[in-house]
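# Analysis of the macromolecular model
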Amino acid sequence: MTRQSERVSPDPYRKARFREIARGIVAKDRYNRKYGIAVDTAGAIAGALERAYRDGVQGGQNAPAPRLEHPNSGPIEWVLIPPRPRDAFWSICLFTLSRGDRPASAGQLVPCVTERGTAGWKLIVHGQSYEKAMGDRTINPLIRLGLLEVAPDDPEHRVVSKRGEETWSLFLQRGGQYPEDLTDL
């Protein structure tokens, strides 16, 4: 058997789950250091690696993992949106698409310069600016995923796409509370 055939294919859900675990370890480390609590980051990492190894052994190494890719259309699982863009997308959707019984607003992102002097986007709803400016590195992944698109009336502006609306709707059906409703992977 060659090394190539032993490799497990990439799984975006597994990667998202591992990133959330790592993010939790880093957050706990920062909190504990800030408040002078004993820190065992190496132990937390070792525990996470051990759990991942046990899961891999129990899952059976011989069975190939299903190859999952982002579909070209339809909603995207909330957890597969990278963290910073996910935060921005939540704010954008909350202000423009709304939730519950509140009506949707016609909001859009307009180009601006961030506080750091870099290219960014500002959310405008009914002529009023909400939130602080979001950087290109935050918004570009949402455009690549098809969650945001060029506004039909102005090519300089961006709006939530049909796919973005479907993703938001799916998220709301599952509870719609962020970050609590990052579904367990």
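Structure shown above.
Not measured: the values here are computed from a predicted model. (Residues numbered from 1 in each chain as written. Predicted model: local features only at pLDDT ≥ 70, side-chain atom pairs only at ≥ 80, totals over all residues. Heavy atoms only, no water.)

### Details of the environment of Pro83
Applied cut-off: Segments assigned H or I by DSSP are reported as helices when at least four residues long, segments assigned E as strands when at least two residues long, and all are numbered from the N terminus.
Position of Pro83 relative to the elements: it lies in helix H4 (residues 83-96). As a C-alpha pair, Pro83 and Arg19 span 64 residues in sequence and 9.3 Å in three-dimensional space.

### With respect to a nonpolar patch on the surface
How we decide: Patch members must show over 30% relative accessible area and no salt bridge, and they are joined within 9 Å when carrying like charges or within 5 Å when they are nonpolar side chains of Val, Leu, Ile, Met, Phe, Trp or Tyr. Residue burial considers only the protein chains on display, and all accessible areas are found by Shrake-Rupley using a 1.4 Å probe. Within this document, salt bridges are pairs made up of a side-chain nitrogen of Lys or Arg and a carboxyl oxygen of Asp or Glu, the two lying within 4 Å of each other.
On the surface, a cluster of nonpolar side chains totalling about 340 Å² of accessible area is made up of Tyr31, Tyr35 and Ile37. By the element assignment, Tyr35 lies in the loop between helix H2 (12-34) and helix H3 (41-59).

### Notes on the pairing of strand E1 (residues 108-113)
What counts, and what does not: Pairing between strands requires that DSSP locate at least two bridges from one strand to the other.
As paired strands, E1 and strand E2 (residues 119-125) are joined by six bridges and run antiparallel to one another. Its bridge partner lying in E2, Pro111 is registered against Trp121. Hairpin connection, E1 to E2: the antiparallel pair is bridged by five residues, and Gly117 has positive phi, about 85°.

### Here's the deal with the nonpolar core
For clarity, the threshold we go by: Working definition of a nonpolar core: buried Ala, Val, Leu, Ile, Met, Phe, Trp, Tyr and Cys residues. They are joined through side-chain atoms within 4.5 Å. Exposure classes here rest on a 1.4 Å probe applied to the protein chains alone. A residue is buried below 20% of its type maximum, exposed above 50%, and partly exposed in between. By definition in these notes, contact holds between two residues if any of their heavy atoms fall within 4.5 Å.
In this structure, Ile81, Phe89, Ile92, Leu109, Ile139, Leu142 and Trp168 are the most contacted members of the largest nonpolar core, which totals 26 residues. Mapped onto this core, the elements with two or more residues apiece are H4, E2, helix H5 (136-144) and helix H6 (162-173). Beyond its immediate stretch of four places on either side in the chain, Leu109 contacts Ile92, Trp121, Lys122, Leu123, Met134, Ile139, Leu148, His157 and Arg158.

### Topic: the pairing of E2
Relative to strand E3 (residues 128-135), E2 runs antiparallel, the two sharing five bridges. Looking across to E3, one finds that Leu123 is bridged to Tyr130. A loop of two residues connects E2 with E3, the two strands running antiparallel in sequence, and His126 in this loop sits at a positive phi of about 50°.

### Focus: the packing of H4 against H5
As a reminder of what qualifies: Fitting a line to C-alpha atoms yields each axis, with helices limited to the stretch in contact; the angle taken between N-to-C directions then spans 0 to 180 degrees. Angle categories are assigned with fixed cut-offs, so that under 35 degrees is roughly parallel, over 145 is roughly antiparallel, 65 to 115 is roughly perpendicular, and the rest are oblique. Under this grouping Gly is polar, as are all residues other than the nonpolar Ala, Val, Leu, Ile, Met, Phe, Trp, Tyr, Cys and Pro and the charged Asp, Glu, Lys and Arg.
Where H4 contacts H5, the axes come no closer than 8 Å and their chain directions differ by 80°. If you check the angle between H4 and H5, you find them roughly perpendicular. Along its contact with H4, which presents Arg84, Pro85, Ala88, Phe89 and Ile92, the element H5 presents Thr138, Ile139, Pro141 and Leu142. Here the residues of the contact of H4 with H5 are counted per class, giving seven nonpolar, one polar and one charged.

### Brief notes about the pattern of salt bridges
For side chains of opposite charge, pairing can occur when their charged atoms come near one another. Scanning all chains against the criterion turns up four salt bridges. For the salt bridge of Glu20 with Arg23, the shortest nitrogen-to-oxygen distance reads 3.0 Å. Highlighted residues: Glu20 and Arg23, both in helix H2, separated by three residues, approximately one helical turn. Ionic pairing is found between Arg174 and Glu77, a salt bridge with its closest N-O pair at 2.6 Å. With Arg174 in the segment after H6 and Glu77 in the loop between H3 and H4, the pair connects residues that are 97 residues apart, well separated along the chain. Members of the salt-bridge network, linked through shared partners, are Glu20, Arg23 and Arg86.

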